[in-house]
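# Examination of the molecular architecture
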There are 2 protein chains.
Amino acid sequence: MSSPSSLDELIDALRALPGVGPKSAQRIAYHLLQRDQRGAGRLARALGHALDVLRHCERCNTFAETAICQRCANPQRDSSLLCVVEMPADLAMMEQTHAYNGLYYVLMGRLSPLDGIGPRELKLDKLLARAADSAVREVILATNFTNEGEATAHMIAELLGARGVAVSRLSRGVPVGGELEHTDTGTIAQALVERRAV
Amino acid sequence: MSSPSSLDELIDALRALPGVGPKSAQRIAYHLLQRDQRGAGRLARALGHALDVLRHCERCNTFAETAICQRCANPQRDSSLLCVVEMPADLAMMEQTHAYNGLYYVLMGRLSPLDGIGPRELKLDKLLARAADSAVREVILATNFTNEGEATAHMIAELLGARGVAVSRLSRGVPVGGELEHTDTGTIAQALVERRAV
């Protein structure tokens, strides 16, 4: 279609965005170039800068601009607890509960055989090394309660259990404020199995 | 959530992408930084480069790296015909028909009062100036057959008609290969109104 090569290259490069095919890439390119050049310039700079400065915290594996992130370097946090989450967004949710003051380990993913992500791709050995820290008394598994998150938790529990580390998992059950009538039966069944003495 | 500022800035900048809200922006940022750093780097460079080098062709208004695009500079094209389309993607579709050898004018949009895009924002005066070229014998309106595209065509037809320029519009009707049973009644009604003698 003899469009300028810089435009073709941009449309092709936009396909690095998750879920963006050729038609969407074209639409996005036109939008950025035509309707939001200022936003586009900011995006190009922010992306380049983030790639330059962001790395993974040596302790918790989340994105950080320093070797050790602020949270891991904070002596106020309880270093005897290590909470394992899938993504930084999950860590943020845990923090928003204001119910946890321990440290974290962020997997940056989950086991997902279909996507070719196994224990090696998840770098579980880095987690094992982190959990071997003598300060850690308990590892709390807070991966998602999806099939993949459960499988991930299961494998980590096995690996850590074999090393004599105490491991726990967030409880499953009816959501706070939830009505049984509007809760799925699988969750109710699980809440029954994991019922607690009162 | 005390995430690194370069990450926050990237997530915020990603919202320049059409239809991307805070949650999607976060997901895209993690994807680019974690799973596709090479693609992300390429995107940052392609976006910056496109912003640097792309401009609008002085004659047809489409994206070009030169003052006059290759198509407008091609003496083989019939300069007596000027086809008005909304976007470069529409131009590409017209070209793929191999049924047109005239020149184009790309509006880079359509009238859309709800989005604040009126005749001024569409720079219709640039089109009027282009159509005033003595070589142009006919302007063919090929905006979409949506409400906005029809309104755009209508306004352009009025403006050009007042200046004595011959204006035509792509015909509406049943698609080639289309079965009446599976064609919407509005299209069939229009095909009836615009029926041609055989």
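Residues numbered from 1 in each chain as written. Chains lettered and ligands numbered in written order. Predicted model: local features only at pLDDT ≥ 70, side-chain atom pairs only at ≥ 80, totals over all residues. Heavy atoms only, no water.

Chain A carries the name Recombination protein RecR in an unreviewed UniProt entry, which gives Aromatoleum diolicum as its organism. Of chain A, the UniProt comment under Sequence similarities (unreviewed entry) reads exactly: "Belongs to the RecR family." For chain A, the Function (unreviewed entry) comment in UniProt is given as "May play a role in DNA repair. It seems to be involved in an RecBC-independent recombinational process of DNA repair. It may act with RecF and RecO." (UniProt positions renumbered as here; feature names shortened; annotations may be inferred.)

## Overview of the overall build of chain A
Tallying secondary structure elements over chain A gives eight helices and six strands in all. In sequence order, chain A lays out its α and β elements as α-α-α-β-β-α-β-α-β-α-β-α-β-α. For 198 residues, the compact-globule estimate of 2.2 N^0.38 gives 16 Å, and chain A exceeds it by more than 25% at 21 Å. Dimensions of chain A along its principal axes, counting C-alpha atoms only, are 70 × 45 × 30 Å. Taking the intrachain contacts of chain A between residues at least 6 apart in sequence as the baseline, contacts between residues at least 24 apart amount to 47%. Accessible area of chain A: about 11000 Å², with a carbon and sulfur share of 52%. (Helix = DSSP H or I, 4+ residues; strand = E, 2+ residues; numbered from the N terminus. Rg over C-alpha atoms; globule rule 2.2 N^0.38 Å. Contact = heavy atoms within 4.5 Å. Areas by Shrake-Rupley, 256 points an atom, 1.4 Å probe, with all protein chains shown as cover.)

## Things to note about the interface of chain B and chain A
Listed per partner, the contact involves 52 residues of chain B and 52 residues of chain A. Here chain B and chain A share four salt bridges between them. For D12(A), the salt bridge goes to R42(B), with nearest N and O atoms at 3.0 Å. Where chain B touches chain A, the interface holds 14 residue pairs in polar contact (both at pLDDT 80 or more). Elements with a contribution of two residues or more to the side of chain B that touches chain A: α1 (5–13), α2 (22–35), α3 (37–53), β2 (63–64), α4 (70–73) and α5 (88–96) of chain B. (Salt bridge = Lys/Arg side-chain N within 4 Å of Asp/Glu carboxyl O. Polar contact = N/O pair within 3.5 Å; in protein donor to acceptor, adjacent residues only side chain to side chain.)

## Considering the pairing of strand β4 (residues 102–106) of chain A
Residues and elements named next belong to chain A. Along β4, five of the five residues are buried, which leaves the element largely enclosed by surrounding structure. Pairing of strand β3 (residues 78–85) with β4, which is carried by five bridges, proceeds in the parallel orientation. Its bridge partner lying in β4, L82 is registered against L103. This β-α-β element, β3 to helix α5 (residues 88–96) to β4, shows right-handed connectivity. (Buried < 20%, exposed > 50% of the residue type's maximum accessible area, 1.4 Å probe, protein only. Pairing = 2+ DSSP bridges. Right-handed = clockwise from strand over helix to strand, strands pointing away.)

## Here we look at the environment of A135(A)
Residue and element names in this part refer to chain A. Looking at the element boundaries, A135 is found in the loop between α6 (124–131) and β5 (138–141). Assessed through its relative accessible area of 32%, A135 is described here as partly exposed. On a C-alpha basis, the gap between A135 and L82 in space is 9.7 Å, while along the polypeptide they are 53 residues apart. Apart from the residues lying within four places of it in its own chain, the contact partners of A135 are S79 and S80.

## Brief notes about the relation of the copies chain B and chain A
Superposing chain B onto chain A requires a rotation of 180° together with a translation of 0.0 Å along the rotation axis, leaving an RMSD of 0.0 Å. The symmetry that links the two subunits is that of a two-fold axis. Relative to the rotation axis, the closest C-alpha in chain B is found at A44(B), a distance of 2.3 Å. Both copies contact each other with a shared surface, as 100% of the interface residues of chain B are interface residues in chain A too. (Least-squares fit on C-alpha atoms with pLDDT ≥ 70 in both.)

## Focus: the UniProt feature "domain: Toprim" (unreviewed entry) in chain A
Under the UniProt annotation, "domain: Toprim" (unreviewed entry) lies at residues 80–175 of chain A. The annotated region residues 80–175 of chain A carries 34% helix and 20% strand content, and the separation between its end C-alpha atoms amounts to 28 Å.

## Some thoughts on the confidence of the model for chain A
Per-residue confidence for chain A averages 90 on the pLDDT scale, and 98% of its residues sit at or above 70. Quick note on the complex model: pTM equals 0.76, ipTM equals 0.74. (pLDDT = per-residue confidence, 0-100.)

## Details of α1(B)
Taken residue by residue, α1(B) has S6(B), L7(B), L10(B), I11(B) and A13(B) as its buried positions. End-on view of α1(B): buried residues confined to an arc of 165°, all on one side of the axis. Where α1(B) is buried, its residues contact α3 (37–53) and β2 (63–64) of chain A together with α2 of chain B. (Arc of directions from axis to C-beta.)

## Considerations on the packing of aromatic side chains
In the structure shown here, the tally under the stated rule is four aromatic pairs over all chains. Here Y100(B) and Y104(B) contribute two aromatic rings whose centre-to-centre distance is 5.2 Å and whose plane-to-plane angle is 65°, an arrangement assigned as edge-to-face. Taken individually, Y100(B) and Y104(B) each receive the classification buried, so the pair is uniform in this respect. The side chain of R169(A) reaches across the aromatic face of F145(A), ending 3.9 Å from its centre. (Phe/Tyr/Trp six-rings, centres within 6.5 Å; stacked < 30°, edge-to-face > 60°. Lys NZ or Arg CZ within 6 Å of the ring centre and 35° of its normal.)

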